[in-house]
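Examination of the molecular architecture
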Amino acid sequence: MTKPSICLFCGSRPGARSDHSEAARQTGAMIARNGWRLVFGAGDVGLMGQVATAALAQGATALGVIPVHLLGRERNGRDMASTVVTEDMHERKKVMFMNSDAVVVLPGGAGTLDEFFEVLTWAQIGLHAKPILLLDVAGYWQPLLALVDHIIAEGFAAPSLRDLFRLVPDVAALEIALRGALPGS
């Protein structure tokens, strides 16, 4: 049996709060501790780089996926044997998702929101049933949750949309949720 793989979407910037960086490092260590494979955007910058650095330092395996136009911007020095270079961002998301058993979303910006909403939409239209977990560091995702609730209240989505993802408050809760959701964990 192959080890479960975690698709990680998060910021290519560190953010303004140190607790985001701490949660990123804890997430990387947690992935390694559980023997899971990290599937990420192959960058060594921002929260993405912090998760990967912590995971790899603790012995995790990783698959990095990066579009050719971001090679110089997001990947400056990490030597990874397992890296896929894609033509564009859409292909990057697809390759990351297809090589994963669960999706974890840490704080991030527009790119992270794009990644979240794409996998959420795929779940909404029945293309997958993989768990989607948002690490709600210091309440970061509460405005997103309010937006989703507003979309539902305004009649643009069924209430079942909320059932397609889950917010977890910290890395300990994330670990418990992943263990419960991943095959063989």
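Please refer to the structure placed before this passage.
Anyway, here's the lowdown on the structure attached to this text. In this text the structure is predicted, and so the values were computed from the model without any measurement. (Residues numbered from 1 in each chain as written. Predicted model: local features only at pLDDT ≥ 70, side-chain atom pairs only at ≥ 80, totals over all residues. Heavy atoms only, no water.)

1. Structural notes on the sheet that holds strand β4 (residues 83-86)
Pairing is parallel across the open sheet formed by seven strands, whose spatial order is β4-β3-β2-β1-β5-β6-β7. The open sheet has two edge strands with one neighbour each: β4 and β7 (166-168). Direction aside, the axes of adjacent strands within the sheet are offset by 25° on average. In this sheet, β4 lies alongside strand β3 (residues 62-67) in parallel orientation, the contact comprising four bridges. Within β4, the position partnered with Val65 by the bridge is Val84. Those strands touched by helix α4 (residues 89-98) are β1 (5-9), β2 (37-40), β3, β4 and β5 (102-105), and its axis lies near 165° from that of β3. Packed on one face of the sheet, helix α5 (residues 110-124) meets β1, β5 and β6 (132-135) and runs near 150° to β6. (Pairing = 2+ DSSP bridges. Helix = DSSP H or I, 4+ residues; strand = E, 2+ residues; numbered from the N terminus. Axes fitted to C-alpha atoms, helices over the stretch in contact; angles between N-to-C directions. Contact = heavy atoms within 4.5 Å.)

2. With respect to the pairing of β5
Every second residue of β5 is oriented toward a common face, with Ala102 and Val104 on one face and Val103 and Val105 on the other, all of them buried. Where β1 and β5 come together, four bridges link them in parallel fashion. Residue Cys7 lies in a different strand from β5, and its bridge partner there is Val103. Strand direction decides the pairing type here: β5 and β6, joined by three bridges, are parallel. What sits directly across from Val105, in β6, is Leu134. Following the chain from β5 across α5 to the adjacent parallel β6, one finds a crossover that is right-handed. (Buried < 20%, exposed > 50% of the residue type's maximum accessible area, 1.4 Å probe, protein only. Right-handed = clockwise from strand over helix to strand, strands pointing away.)

3. Describing α5
The end-to-end C-alpha separation of α5 is 20 Å, in line with the 21 Å expected for 15 residues at 1.5 Å each. Listed in full, the buried residues belonging to α5 are Thr112, Glu115, Phe116, Glu118, Val119, Leu120, Trp122 and Ala123. Each element contacted by the buried residues of α5 is listed here: β1, α4, β5, β6 and α6 (142-153). Directly after α5, the chain includes Gly126, whose backbone phi takes a positive value near 85°. (Expected span 1.5 Å × (residues − 1).)

4. Structural notes on the side chain of Lys93
By secondary structure assignment, the location of Lys93 is in helix α4. Classification of Lys93 as buried rests on a relative accessible area of 8%.

Note that every value here comes from positions in space, so none of it alone points to a role or purpose.
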